[in-house]
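Listed here are the chains, written in short residue letters.
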Amino acid sequence: MTGQLLTRIAAFALIGAIVSGCSWFESDEVPIEDRSAREIYDTAQALLDDGEPIPAAKMFDEVERLYPFSQLAKRAIIQSAFSSYTANDYPAARASANRYLDLYPSDIDSPYAQYLIALTYYDNIVDVGRDQIGTESALRELKEVVRRYPESDYARDSRLKIDLTHNHLAGKEMDVGRYYLKRGHFVAAINRFKVVLDEYQTTSHAPEALHRIVEANLAMGVAREAQIAAAVLAENFPGSEWYAASYALLTDRDLRPEKADDGFFSSIYRRVILGDWL
C-alpha cells in the first residue's frame, strides 16, 4: 500500500512538472500586442544583430504600429529602413525612410534617412551599357542630401558619390557616342559628346569627348569645329593622349587648333579656361 501511494505521488508530481513546464513555455510566448515597446524593439535589434534583417524590419515596424507615439517608434522606423536596406529590399527601405522624413523632417536622423534613400539607388547602379534610370535616381537623391542637409557628414559623402555618378552617366553618353561614331552617324555622335561637355564636364570623360568631336567633325569635313574643339583640349589637357591624337589628326590635314569667339565651343572654352564650370 505504501509503495502504491508513493508511485501515485510520483506520477502526480511528474504530471505537475509537465503542466508547470507547459505553463512556463506558454508564458514565454507572450502575444506581441501584450509586449512593451522596449521588449519589441530589443527583439528586433537582436534579430538584426544576429543577421536576420528581414524579420528584424518587420519587428521594428511592429513598434511603430503598436506604439506610434513613443520615442522608440521614431527610432524603430529608421532601424526598419536600415534593416530592409541590409537585406537588399530597397523598395521597403525607401518606404520606411520616406515615412521617417515625412514625420520627422528636421530630426537628427533625417540626413541619414535621406542618404539611405540615395544609397538604395546608388548601390544598384548598373553598368554603362544598360539603362541609367537608376543612376539618374541616385543622382537626384544624392543632390537632395546635399541640398537639405549641406553641413552633415552624409552631405560630404554624397558629394563624392555625385562625382562618381556623374562619371557613370558621362560614360553612358560616351558609350552611345562611340557607337554612333563607328557607324558613321557623326552628327548623332557629336550630340552625345556635347552632352558630356555640357552636363558632365568635370568628369574624366571630358578630354576624350573633345577628341571624339574633333574626329567626327574632320570625318564630315567640318574643319573649323574640329580646330576649336582641339583648342579647348590644348588649353586644358595639353599633355593628354587625347590632345596628342587630335593634334595628329589636324596636322595630317595641315590644320592647327584655333580658338573660337562664339558658339557652343566658345561657351565650353570660357567655362574650362576661366574656371566657370557648372
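Just above sits the structure.
For every chain, the first residue of the written sequence is number 1, and numbering continues from 1 along that sequence. For a predicted model such as this one, the threshold for reporting local features is a pLDDT of at least 70, and the threshold for listing and counting side-chain atom pairs is 80 or more; totals across whole chains, interfaces and linings nevertheless cover every residue. The side-chain figures draw on all heavy atoms in the structure; neither hydrogens nor water molecules are used.

Given a rise of 1.5 Å per residue, 13 residues ought to cover 18 Å, and the 18 Å separating the end C-alpha atoms of helix 2 (residues 37-49) matches this to within 8%. Working definition: with a 1.4 Å probe on protein chains only, accessible area under 20% of the residue-type maximum means buried, over 50% means exposed, and in between means partly exposed. The secondary structure listing takes helices from DSSP runs of H or I that are at least 4 residues long and strands from runs of E that are at least 2 residues long, numbered from the N terminus. Of the residues making up helix 2, those classed as buried are Ala 37, Ile 40, Tyr 41, Ala 44 and Leu 48. The buried side chains of helix 2 occupy one side of the element, clustering within an arc of 100° when seen end-on. Those residues of helix 2 that are buried lie in contact with helix 3 (53-66) and helix 4 (71-86). At the C-terminal side of helix 2, Gly 51 shows a positive phi close to 80°. For a helix, the expected span equals 1.5 Å multiplied by the number of residues minus one. The arc in question is the one traced by the directions running from the helix axis out to the C-beta atoms. Contacts between residues were defined by any pair of non-hydrogen atoms, one from each residue, lying within 4.5 Å.

Another aspect to go through is a nonpolar patch on the surface. What makes a patch is a set of residues exposed beyond 30% relative accessible area and free of salt bridges, joined within 9 Å when like-charged and within 5 Å when nonpolar (Val, Leu, Ile, Met, Phe, Trp, Tyr). Per-residue and other accessible areas were derived by the Shrake-Rupley procedure at a 1.4 Å probe size, with only the shown protein chains allowed to occlude residues. One side-chain nitrogen of Lys or Arg within 4 Å of one carboxyl oxygen of Asp or Glu is enough to make a salt bridge. Residues Val 187, Met 220 and Val 222 make up a contiguous nonpolar surface patch of about 220 Å² in total accessible area. Structurally, the position occupied by Val 222 is in the loop between helix 10 (206-220) and helix 11 (223-236). Given a relative accessible area of 32%, Val 222 falls into the partly exposed group.

Moving on: the packing of aromatic side chains. Paired rings are identified among Phe, Tyr and Trp, the last through its six-membered ring, by centres lying within 6.5 Å, and are further divided according to the angle between planes into stacked (under 30 degrees), edge-to-face (over 60) and tilted (the rest). Taken as a whole and judged by the stated rule, the model has seven aromatic pairs. Note on Tyr 100 and Tyr 104: the rings are 5.2 Å apart at their centroids and 55° apart in plane angle, and the pair reads as tilted. On the accessibility criterion, Tyr 100 (1% relative accessible area) is buried. Between the aromatic rings of Tyr 243 and Tyr 247, the centroid separation amounts to 5.8 Å while the plane-to-plane angle is 50°, which identifies the pairing as tilted. On the criterion of helical spacing, the pair formed by Tyr 243 and Tyr 247 is a turn pair, its members being four residues apart in helix 12 (residues 241-251). For Tyr 243, a relative accessible area of 15% translates into the label buried. Overall, the relative accessible area of 33% leaves Tyr 247 in the partly exposed class. Taken together through their ring pairs, the aromatic side chains of Tyr 112, Tyr 115 and Tyr 154 make up a single cluster. The rule for a charge over a ring is simple: NZ of Lys or CZ of Arg within 6 Å of the ring centre, and within 35 degrees of the ring normal. A cation sits over an aromatic face here: Lys 74 above Tyr 104, 5.5 Å from the ring centre. Note that Arg 94 overlies the ring of Tyr 121, its terminal NZ or CZ placed 4.3 Å from the centroid.

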